[in-house]
Amino acid sequence: MYYKEIAGVKVSALGMGNMRLPVIDGQESRIRQDKAEEIIDYAMSHGITYYDTAYRYHGGQSERFIGQALKKYPRDSFLLASKFPGHMMVKKENGVVGFTSGLAGWPDNTVAGVFAEQLEKCQVDYFDFYLLHNVSEKSLVIYDDPELQVIEFMKQKKAEGRIRHLGFSSHASSPATIDDFLTRYEGVFDFVQIQLNYLDWKLQDAKGKYDVITKHGLKVVVMEGVRGGRLAQLPEEQMAKLQAVHPEDSAARWALRWLQGLPEVSVVLSGMTTLEQIQENVETFAAPAPLDQAEKDLLTEVADSMLNWVPCTACRYCTEGCPMELEIPKIIAAYNGVKNGDHMARYDLDAADPSMDPRRCIGCGACAGICPQNIDIPGIMAEFPGML
Ligand code: SF4
Ligand code: SF4
């Protein structure tokens, strides 16, 4: 494992993301404890020091899991990062907040109450890294609210030592939103976490976001480096181009080596679900091996062929609130396949399985507001049957 730094703290270049842990019977909130703990133990014994979670991951169970899994290790042997769920909050009265869809039905709380609950669930008395979750055009109404004073509260917790380093994650549509936020709160944040990979460099202007963050002198933590696994499974034709150069290398290794070439990237998070994934990724991060110019050009060519993809990362935020219990990310994966000429992808839609039938969408829109990628999910559900 090689190491980089954030605000003077040595961090492993590969970080363990805890939003795609193995689960029982496909149920997001039922983490498969033994298998998931095997992955954490492997990470700890192979030099990974950075562990990322969030209030909502795995239906609120990710924080509990990681707290329990790391408890047997000395507190100074790992760096724990979690996130404040302001992007899923609505303001009520007297400093009380409720939750929007995705966390709908969760009890009302206060900013201080949520933070205290997170420390308790993670079984720690401080977070090494703490982030405002998804600062975006939609969530500023909470993060900037003069009564809630979210950022003042975080500064206070930092002064008390409960937060060692403060940052935020962002799926903002525009780099200007991140730039404005960093300018208004200059000096408050130590790092920013963004969705960054060779496809989003153009598709979601990740380049613009990287440039803005580094202009403010901050380090970048990467999420979705292989786009929720999408860049680990390329269409045959694109994969053949990469294999012609490195027959043994996986598509995921290409994507991660591309990220190793960005100097201001500190940690690349990977939501690893299996031991095989973590073993391969640990190997990729044994030492920096950034792509050379010819390799980068080839990956740009691959990315350019995928720019019309619907940018779903399979985060599953949308599925919790769907009244028809549709497998939205799987349907979108099939949609991308069909749209890009993979006609076999239509067979992923199984008429006998109602969760895979886009015609059952009632267009209620409960999913669209929650999607961090701003995907027009009802529009896709309406269009897809006509393409089959
Ligand atoms: S718009 Fe369709 S896919 Fe979205 S939540 Fe409603 S029924 Fe589900
Ligand atoms: S459609 Fe949006 S919210 Fe749903 S899984 Fe994909 S990226 Fe996540």
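Up top is the structure.
Now for a look at the structure at hand. (Residues numbered from 1 in each chain as written. Chains lettered and ligands numbered in written order. Predicted model: local features only at pLDDT ≥ 70, side-chain atom pairs only at ≥ 80, totals over all residues. Heavy atoms only, no water.)

This paragraph deals with the pairing of strand β13 (residues 265-270). The buried fraction of β13 is high, at 6 of 6 residues. Across 3 bridges, strand β3 (residues 14-17) lies against β13 in parallel orientation. Each bridged residue has a counterpart across the sheet, and for methionine 16 the counterpart in β13 is serine 270. The pairing of strand β12 (residues 219-223) with β13 spans 3 bridges and is parallel. Across the sheet, residue valine 221 finds its bridge partner in β13, namely valine 267. (Buried < 20%, exposed > 50% of the residue type's maximum accessible area, 1.4 Å probe, protein only. Helix = DSSP H or I, 4+ residues; strand = E, 2+ residues; numbered from the N terminus. Pairing = 2+ DSSP bridges.)

Right, let's get into the pairing of β3. Of the two faces of β3, the one carrying Leu14 and Met16 and the one carrying Gly15 and Gly17 are both buried. As judged from the 2 bridges shared by β3 and strand β4 (residues 50-52), these two strands associate in the parallel manner. Within β4, the residue paired with methionine 16 across the bridge is tyrosine 51. Once the chain exits β3 it traverses helix α1 (residues 33-45) before rejoining the sheet at β4, and the crossover so formed is right-handed. (Right-handed = clockwise from strand over helix to strand, strands pointing away.)

One can describe the packing of helix α6 (residues 175-184) onto helix α8 (residues 206-215) by two numbers: an axis separation of 8 Å at closest approach and a directional angle of 15°. With respect to each other, α6 and α8 are oriented roughly parallel. The two elements α6 and α8 meet at a crossing, and its hand is right-handed. Judged by residue contacts, Pro175, Ile178, Asp179 and Leu182 of α6 engage Gly208, Lys209, Val212, Ile213 and Lys215 from α8. Split into classes, the residues belonging to the contact of α6 with α8 amount to 5 nonpolar, 1 polar and 3 charged. (Axes fitted to C-alpha atoms, helices over the stretch in contact; angles between N-to-C directions. Parallel < 35°, antiparallel > 145°, perpendicular 65-115°, else oblique. Left-handed = near helix turned anticlockwise from the far one by under 90°. Contact = heavy atoms within 4.5 Å. Nonpolar A, V, L, I, M, F, W, Y, C, P; charged D, E, K, R; others polar.)

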